[in-house]
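Structural overview
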Amino acid sequence: MAETILMKGNEAMAEAAVMAGCRHFFGYPITPQNEVAAYMSRRMPQVDGVYLQAESEIAAINMVLGASAAGARAMTSSSSPGVALKSEGLSYLAGCDLPAVVVNIQRGGPGLGSIQPSQADYFMATRGGGHGDFHMIVLAPNSVQEMFDCAFTAFDLADKYRMTVNILADGVLGQMMEPVVMNSPKMAELPAKDWAVTGTGGKRKSNIVNSLYLKPEALEQTNIERYKRYAVIEKEEARSESYLMDDAEICVTAYGASSRVARNAVDMAREKGVKAGLIRPITVWPFPKGVFLEAAGRVNSFVCVEMSMGQMIEDVELAIRCKKPVAFCGRTGGMIPDPEQVLAAIMKDGRLS
Amino acid sequence: MKTIFERTPALSDAVTHYCPGCTHGIVHRLVAEALDELDLTGRTIGVAPVGCAVMAYNYFECDMVQAAHGRAPAVATGVKRTHPGSIVFTYQGDGDLAAIGTAETVHAAARGENITVIFINNAIYGMTGGQMAPTTMPAQVTQTSPYGRDVSKAGYPLRVSEMLATVDGARYIERVAVNSAANVKKAKAAIKKAFANQAAGNGFTLVEVLSTCPTNWGLDPVKALDWLKDNMMPYYPLGVYKDGAAPEAGGEA
Ligand SMILES: Cc1ncc(C[n+]2csc(CCOP(=O)(O)OP(=O)(O)O)c2C)c(N)n1
Ligand code: SF4
């Protein structure tokens, strides 16, 4: 039977990455993700893996690119300002169709911001986070167990679709401790990495990992092909959790840490007889549009709860094609909304309907 | 019929896009010959830069990765750490290596990363049309130093080999030139030595090659070779800057 251990979110995710076969971790110190690198620096030597502290986040993501090009399951983690620096590498990873897992334990911004938890990098994560036409798959865990589980999902999806999977968490999820069942899921059947640079051994034509196209027609075609893959992902990989949505009249929505607060507020509203429910996106790209559009046909209004000035709310409005009003409820800068604040937003909206 | 000269197998038969008289092509051939003569080509993985050599991935018959501007040593690190038994080299210009990629270069050396860097110093940004580089000579006219490089405002050229020779992790650092047949021979010997060091697991090796950019220097190919000799060589003396192991951990006993 799988062990249950009390662990910090950052460490649970790091251990799961090792269990998922990650043997190459490249990091750079930044709060509140330091536990990931510290754990990897201890763990990697025990499994003959590579832990390397890079000279910058830029170097770290390019080391990931090199290791991934060479066929490895490679990972880096950082927090908001560091992830911004990685955006160049994220774009090259996309252009080269390379798998990678990149973790963002978000903190308050912009600028140096604060070291407290935040969800203000939603745009950076879901709108590419780098130049050019591309997406990353963005997973948004909301518990230490999910931090653990999503590492397996991240590596499998990255290899399956040959792209970056971004684990978008925050300081709350990274630092809090919860019991984790250390289940190791069955690995997905994945295609062989026959494109990887390994040395030809004089036996095959050389493999080239590249994102440069001299002919714009060729680049356009490559981008169109890539977006066909994205369309499959949007159809098949969007994940969400619905709570008390069957008879809901108000749909509260939140991802990650703020979804825990939102769920409490939904329970409090139910106690007062208000029919609130919760949709929690587990992938924020692809955004679970279908679930929202379907809910829009039944509920009177939405309340979007975020630890930002309001970023995911744009995806909610797009998903429901602005059919119903969407209110925003949030704190920013490293502040966390409390259930009473969310409850107040629900009650205000409930009265509107 | 007797074959007296042929393409070395590590060099592909693609027509390069380099300008007539550019010495990039010579250095490509030296790298390919060194790999073939040491019988390393089959386990070699190259990393191409951003610069005129960006399409080096088409010119070498080995596995290749094209890196972002300046990041080749970081990419090479990821490759090498995945396949420690492979031979990994980067091929980088002076803008790529000594401006935007300075940190990646210095730290790959500091880590003693077991890779080989082929560093093309042509005192200019070639690909973008001839802007001032960190290695541009004092008073040299470029597109962005139209009155000549004024060191009081634009600073001084960077001597990369000298700088890296102070780094303990660097194993072998040599500066060569490809302006004459004799120097081309020495350049090849240096490149071979660098790869041999890597194959022996000795750590970071870099060969700086003084090279020409006739197009952006505004000189014909022969005059460009002379300009290299008269202007670059005095400032960038040829020679071995480092050849030996890093000091023992813990320092002097
Ligand atoms: C991030 C980034 N900045 C700038 C450029 C534009 N760029 C392309 S090549 C180049 C300079 C290359 O010069 P150098 O490294 O000296 O090599 P050379 O072309 O002389 O061989 C620059 C700045 C780029 N591609 N990416
Ligand atoms: S621009 Fe200069 S460095 Fe580039 S190919 Fe032409 S001559 Fe060579």
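Values in this document were obtained by computation on a predicted structure and should not be read as measured data.

Hydrogen bonds between backbone groups are what pair the strands of a sheet, and the pairing can be parallel or antiparallel. Strand order across the open sheet formed by eight strands is β9(A)-β2(B)-β1(B)-β3(B)-β4(B)-β6(B)-β5(B)-β7(B), with mixed pairing between neighbours. Across the chains shown, the open sheet's two edge strands, defined by having one partner strand only, are β9 (208–209) of chain A together with β7 (239–243) of chain B. Here strand β1 (residues 44–48) of chain B runs beside strand β3 (residues 87–93) of chain B; their pairing, made up of four bridges, is parallel. Each bridged residue has a counterpart across the sheet, and for I45 of chain B the counterpart in β3 of chain B is V88 of chain B.

Quick look at the site of ligand 1 now. In the vicinity of ligand 1 there are 17 residues, among which G51, G93, G95, D96 and G126 of chain B approach most closely. Partitioned by chemical class, the residues of the shell around ligand 1 number eight nonpolar, seven polar and two charged.

A separate point is the nonpolar core. Counting residues in hydrophobic clusters, the biggest one holds 194 residues, and the most contacted among them are M13, V101 and V252 of chain A together with V79, I118 and V209 of chain B. With 10 residues, the top contributor of residues to this core is helix α7 (residues 144–161) of chain A. Formed jointly, this core draws a minimum of three residues from each of two domains, domain 1 (4–185 + 223–236) and domain 2 (240–352) of chain A. Each residue touching M13 of chain A, except ones within four places of it in the same chain, is listed here: V36, V103, M147, F148, A151 and I167 of chain A.

So, about the packing of helix α3 (residues 57–69) of chain A against helix α5 (residues 87–95) of chain A. Each pair of packed helices can be described by the angle between their axes along with the distance between the axes. Residue and element names in this part refer to chain A. Running from amino to carboxyl end, α3 crosses α5 at an angle of 15 degrees, the nearest separation of the two axes being 8 Å. Classed by the angle they form, the pair α3 and α5 counts as roughly parallel. Both α3 and α5 take part in a crossing whose hand is right-handed. Here I58, I61, N62, V64 and L65 of α3 lie close against α5, whose contacting residues are E88, G89, L90, Y92 and L93. Looking at the contact of α3 with α5 residue by residue, the class counts come to seven nonpolar, two polar and one charged.

Here we come to the environment of K160 of chain A. In this fold, K160 of chain A is placed in helix α7. Residues K160 of chain A and N300 of chain A, spaced 140 residues apart in sequence, show a C-alpha to C-alpha distance of 39 Å.

To continue, consider the pairing of strand β4 (residues 116–121) of chain B. Within β4 of chain B, six of the six residues are buried, which leaves the element mostly enclosed by the surrounding structure. Along β4 of chain B, one buried face is formed by T116, I118 and I120 of chain B and the opposite face, lined by V117, F119 and N121 of chain B, is buried too.

The next point concerns the confidence of the model for chain B. Across chain B, pLDDT averages 96, with 97% of residues at or above 70. Scoring the predicted complex yields pTM 0.96 and, for the interface, ipTM 0.95.

Y18, C19, C22, H24, C52, N122, G126, M127, C213, P214, T215 and N216 of chain B make up every residue found near ligand 2. Here the shell around ligand 2 is built from residues that sort into seven nonpolar, five polar and no charged.

Let us now look at the interface of chain B and chain A. When the parts of a complex come together, some accessible area is lost, and that lost area is often taken as the interface size. Taken together, the 28 residues of chain B in the interface contact 35 residues of chain A. When residues of the side of chain B that touches chain A are traced back to their parent elements, those giving at least two are β1, β2 (63–66), α2 (72–82) and α4 (102–110) of chain B. Broken down by element, the side of chain B that touches chain A gets its largest block of residues, eight residues, from α2 of chain B. Taken together, the residues of the side of chain B that touches chain A sort by class into 13 nonpolar, nine polar and six charged. In terms of strand pairing, β9 of chain A meets β2 of chain B through two bridges, oriented parallel. Paired with V209 of chain A across the bridge in β2 of chain B is V65 of chain B.

All names here are of chain A. In this chain, T31 is followed by P32 through a cis amide linkage whose omega measures 5 degrees. P286 follows W285 through a cis peptide bond whose omega is 0 degrees. Counting through the fold element by element, P286 comes out in the loop between β13 (283–285) and α11 (289–296). With a phi close to 50 degrees, R162 is a non-glycine residue in the positive phi region. One non-glycine residue with positive phi stands out, namely L244, at about 55 degrees.

Here the focus is the domain arrangement of chain A. Residues and elements named next belong to chain A. Examined at the domain level, chain A breaks down into domain 1 (4–185 + 223–236) and domain 2 (240–352). Look at where the C-alpha atoms of domain 1 and domain 2 centre, and you get two points 26 Å apart. With 27 residues of domain 1 in contact, the opposing surface of domain 2 contributes 22 residues. For the side of domain 1 that touches domain 2, the elements supplying multiple residues, two or more each, are α6 (122–126), β6 (137–139), β7 (164–170), α8 (171–175) and α9 (216–236). Looking at the side of domain 1 that touches domain 2 residue by residue, the classes come out as 16 nonpolar, eight polar and three charged.

How each quantity is defined
Residues numbered from 1 in each chain as written. Chains lettered and ligands numbered in written order. Predicted model: local features only at pLDDT ≥ 70, side-chain atom pairs only at ≥ 80, totals over all residues. Pairing = 2+ DSSP bridges. Helix = DSSP H or I, 4+ residues; strand = E, 2+ residues; numbered from the N terminus. Near = placed C-beta within 6 Å. Nonpolar A, V, L, I, M, F, W, Y, C, P; charged D, E, K, R; others polar. Core = buried A, V, L, I, M, F, W, Y, C linked by C-beta atoms within 7 Å. Buried ≥ 20, exposed ≤ 12 C-beta atoms within 10 Å, placed from the backbone. Domains from an automatic or database assignment. Contact = placed C-beta atoms within 7 Å. Axes fitted to C-alpha atoms, helices over the stretch in contact; angles between N-to-C directions. Parallel < 35°, antiparallel > 145°, perpendicular 65-115°, else oblique. Left-handed = near helix turned anticlockwise from the far one by under 90°. pLDDT = per-residue confidence, 0-100.

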